[in-house]
Amino acid sequence: MTAKRGRPRTFDRQVALRRAMEVFWRRGYQGASMTDLTAAMGIGSPSLYAAFGSKEALFREAVDLYNLTEGAGPRAALDGGDTARAAIEAMLRHHAYAYVDPANPSGCLVVLAGAGTVPESDAVGQFLSACRERDIAELRRRISRGVDEGDLPASIVPDSLARFVGAVVQGMAVQARDGAAAEDLLGIVDCAMAAWDGLTRQV
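Notes on the structure follow.

Conventions and cut-offs
- Residues numbered from 1 in each chain as written.
- Predicted model: local features only at pLDDT ≥ 70, side-chain atom pairs only at ≥ 80, totals over all residues.
- Heavy atoms only, no water.
- Phe/Tyr/Trp six-rings, centres within 6.5 Å; stacked < 30°, edge-to-face > 60°.
- Helix = DSSP H or I, 4+ residues; strand = E, 2+ residues; numbered from the N terminus.
- Lys NZ or Arg CZ within 6 Å of the ring centre and 35° of its normal.
- Expected span 1.5 Å × (residues − 1).
- Buried < 20%, exposed > 50% of the residue type's maximum accessible area, 1.4 Å probe, protein only.
- Contact = heavy atoms within 4.5 Å.
- Polar contact = N/O pair within 3.5 Å; in protein donor to acceptor, adjacent residues only side chain to side chain.

**A look at the packing of aromatic side chains**
Working step 1: Using the criterion set out here, one finds five aromatic pairs in the structure.
Working step 2: Centre to centre, the rings of Phe24 and Phe59 are 4.9 Å apart; their planes meet at 80°, and the pair counts as edge-to-face. Of this pair, Phe24 sits in helix α1 (residues 13–31) while Phe59 is found in helix α4 (residues 55–69), placing the two residues 35 residues apart along the sequence.
Working step 3: Among the aromatic residues, those joined into a cluster by ring pairs are Phe24, Tyr29, Phe59 and Phe127.
Working step 4: Lying across the ring of Tyr29, Lys55 places its NZ or CZ 4.6 Å from the centre.
Working step 5: Just above the ring of Phe127 sits the side chain of Arg60; from NZ or CZ to the centre is 4.6 Å.

If you want it as structure tokens, here you go:
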């Protein structure tokens, strides 16, 4: 009588993906080794490749999960404000706290994970650049809505203002990774909103 073969080991794919996301968030794409990933995910390399295909494919799924979960708060802030100013300020203040939340790696995965990649020639760099451009597009959409609804002057150039806000968000992420505290980031928000008021003043 032959022995029965054991069932293949199974794992929770979503839990493993969340753990991989945290590794990429903390170490970046280039800095996250396969050893780091498999240790955090609790699986071997064969299981990782079978479930996700490659390190790059795993990273892309991790970014999608990040945008779905960590991006929900900023999206809600942008959509919930009565005015463009209120929406942008709420989004920035959300980031000021989220970027230093001790429950997560500091900063923003989409801003920070591309260190060492070259967007012009690297697929991962191009992917992250496209993600950041989509974030700018969301800011531009909200600013354009403010113009349409009359709480911003028609003279505003939505793309320029959106890129200014995007630069603030990205700078906050970098400073959070460098050790800035929530009150430091909130000070940046105050300065950004003072600049917003000057840039959007009716003339």
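**Thoughts on α1**
Working step 1: Under the 1.5 Å per step criterion, the end-to-end length of α1 is only 22 Å for 19 residues, more than 12% shorter than the ideal 27 Å.
Working step 2: Turning to α1, its buried residues are Ala16, Leu17, Ala20, Met21, Val23, Phe24, Trp25, Gly28 and Tyr29.
Working step 3: On the buried face of α1, the contacting elements are α2 (34–41), α3 (45–52), α4, α7 (109–112), α8 (123–149) and α9 (158–177).
Working step 4: Put simply, Asp12 is the residue that caps the front of α1, since its side-chain oxygen is 3.0 Å from the backbone nitrogen of Gln14.

By themselves, these are just geometric observations and shouldn't be taken as functional.
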